[in-house]
Amino acid sequence: MSDTELLLKSEPVRRIEVFTGAGRRRAWTAEQKLRIVAESYGAGETVSAIARRHGMTPQQLFGWRRTAAPVTGEHGPAFAPVIVEGAPSRASVVQPSGASGLSVIEIVIGATTVRVPPGADVATLRAVLCAVKAMS
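Because the structure is a prediction, the values reported are computed rather than measured.

Caption draft 1: The overall build of the protein chain, seen in detail. For the protein chain, the count of helices and strands is 5 helices and 3 strands. Each helix and strand of the protein chain, ordered N terminal to C terminal, gives the series α-α-α-α-β-β-β-α. Among the 136 residues that make up the protein chain, the fraction classed as buried is 15%. Restricting to contacts in the protein chain with at least 6 residues of sequence separation, those with at least 24 account for 26%. Summing over all exposed atoms, the protein chain offers an accessible surface of approximately 11400 Å²; the carbon and sulfur share of this is 59%.

Caption draft 2: Broad picture of the environment of T112. Counting through the fold element by element, T112 comes out in strand β3 (residues 112–116). For the pair T112 and M135, spaced 23 residues apart in sequence, the C-alpha separation works out to 9.7 Å. With residues up to four places along the chain from it excluded, the contact list for T112 reads I107 and V132.

Caption draft 3: Seen up close, the pairing of strand β2 (residues 104–109). Strand direction decides the pairing type here: β2 and β3, joined by 5 bridges, are antiparallel. Bridged to V108 within β3 is T113. Between β2 and β3, which follow one another and run antiparallel, lie 2 residues, and G110 among them has a positive phi close to 65°.

Caption draft 4: Broad picture of the side chain of H54. Mapped onto the elements, H54 comes out in the loop between α3 (47–53) and α4 (58–72). Beyond its immediate sequence surroundings of up to four residues, H54 is in contact with R26, W28, R35, I36 and E39.

Caption draft 5: A look at the nonpolar core. Counting 10 residues, the largest nonpolar core is built from W28, I36, V37, V47, I50, A51, M56, L61, W64 and A68. Elements with a contribution of two residues or more to this core: α2 (30–40), α3 and α4. Residue contacts for I36: discarding those within four places in its chain leaves W28, I50, H54, M56, L61 and W64. In terms of nonpolar packing, the next biggest core, distinct from the first, is built from 5 residues, I109, V114, V116 and V132 among them.

Caption draft 6: Quick peek at the pattern of salt bridges. Enumeration over the complete set of coordinates arrives at 3 salt bridges. The residue E39 makes a salt bridge to R53 at a minimum N-O spacing of 2.1 Å. Remark: R53 occurs in helix α3 and E39 occurs in helix α2; sequence separation between them is 14 residues. For E39, a relative accessible area of 25% translates into the label partly exposed.

Conventions adopted
- Residues numbered from 1 in each chain as written.
- Predicted model: local features only at pLDDT ≥ 70, side-chain atom pairs only at ≥ 80, totals over all residues.
- Heavy atoms only, no water.
- Helix = DSSP H or I, 4+ residues; strand = E, 2+ residues; numbered from the N terminus.
- Buried < 20%, exposed > 50% of the residue type's maximum accessible area, 1.4 Å probe, protein only.
- Contact = heavy atoms within 4.5 Å.
- Areas by Shrake-Rupley, 256 points an atom, 1.4 Å probe, with all protein chains shown as cover.
- Pairing = 2+ DSSP bridges.
- Core = buried A, V, L, I, M, F, W, Y, C linked by side-chain atoms within 4.5 Å.
- Salt bridge = Lys/Arg side-chain N within 4 Å of Asp/Glu carboxyl O.

Below, the structure written as structure tokens:
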């Protein structure tokens, strides 16, 4: 059978789809995203149901929630900026020890060990640790 015979015996076209426009890809404004994310944190509905209602996938909504989490801070972990000044100390090992039945904290800085009993004065401890760090 030749190629031309195959072409003549092909089935008739039953259905043709013509796509016009931009398709399903949409541009969401920041206000729309925040409103939908806030709605997803409401009680009683699943993220999948809210995503379906707005014509999007649950994965897209979860991505928006991850992006918005640091902004809202109400749901999930919120992070604060940390500024570290100076070099960290070389050794700062904290170990509890209980020879007398009371917890004692041992702080080792270099070759110096500071033992802190329960109820120690914070201001005195701070002054002692600053002096030890200055010497090492």
